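Remarks on the overall topology
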Amino acid sequence: MNADYKIPLVEKLGYTAADAAANFVFMTMILFQLNFYTDTFWSYGQCRGSHPVSGRASGTRFFDPIMGVLADRTKTRWGKFRPWILWTGRAVGGRDGAGLYHPQGLEHGAG
């Protein structure tokens, strides 16, 4: 790439908007899940609040390098990273949906 190349403002704004949207969704899910689990399943707030922190700390250490290698070795007509974004988005949506599922008959305090 040329050292004199300047990124257009429209491209910068596009990346900024996409990153902001992803963070809005992520933070909304974290806050909604904390409220859901403490009010619906009556789990302790201390346990639910420490879950994202401990999961992120341990998951990043092991899975980010593995996913980096897998993404770098991916060669498709859509590029290296686009297939991973498309397919893992569906998996994350399914996981979040399953995390908010409330089985019939499970009332407050059960569990």
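Please refer to the structure placed before this passage.
Residues numbered from 1 in each chain as written. Predicted model: local features only at pLDDT ≥ 70, side-chain atom pairs only at ≥ 80, totals over all residues. Heavy atoms only, no water.

**A short note on the overall build of the chain**
What the chain contains, in helices and strands, is three helices and zero strands. When the helices and strands of the chain are listed from N to C terminus, the series reads α-α-α. Out of the 111 residues belonging to the chain, those deemed buried represent 9%. If you take every contact in the chain between residues at least 6 apart in sequence, the share linking residues at least 24 apart comes to 51%. When the accessible surface of the chain is totalled, it reaches about 9,400 Å², and 66% of it is carbon and sulfur. (Helix = DSSP H or I, 4+ residues; strand = E, 2+ residues; numbered from the N terminus. Buried < 20%, exposed > 50% of the residue type's maximum accessible area, 1.4 Å probe, protein only. Contact = heavy atoms within 4.5 Å. Areas by Shrake-Rupley, 256 points an atom, 1.4 Å probe, with all protein chains shown as cover.)

**Some points on a nonpolar patch on the surface**
A grouping of Phe62, Phe63, Ile66, Met67 and Leu70 is seen on the molecular surface, where their side chains present a nonpolar patch of about 500 Å² in accessible area. With respect to the element layout, Met67 can be found in helix 2 (residues 45-73). (Patch = residues over 30% accessible without salt bridge, like charges linked within 9 Å, V, L, I, M, F, W, Y side chains within 5 Å. Salt bridge = Lys/Arg side-chain N within 4 Å of Asp/Glu carboxyl O.)

**Re the packing of aromatic side chains**
Applying the stated criterion across every chain yields a total of zero aromatic pairs. Cation over ring: Arg90 sits above Trp87, and NZ or CZ is 4.8 Å from the ring centre. (Phe/Tyr/Trp six-rings, centres within 6.5 Å; stacked < 30°, edge-to-face > 60°. Lys NZ or Arg CZ within 6 Å of the ring centre and 35° of its normal.)

**Comments concerning the side chain of Thr74**
Structurally, Thr74 is set in the loop between helix 2 and helix 3 (82-99). Separated by 2.7 Å, the side chain of Thr74 and the backbone oxygen of Leu70 make a polar contact. Not counting the four nearest positions on each side in its chain, Thr74 is found in contact with Gly79, Lys80 and Trp84. (Polar contact = N/O pair within 3.5 Å; in protein donor to acceptor, adjacent residues only side chain to side chain.)

**A word on the environment of Thr76**
If you trace the backbone, Thr76 turns up in the loop between helix 2 and helix 3. Within the structure, Thr76 has its side chain in polar contact with the backbone oxygen of Gly79 (distance 2.8 Å).

As far as function goes, none of this settles anything; it's purely spatial.
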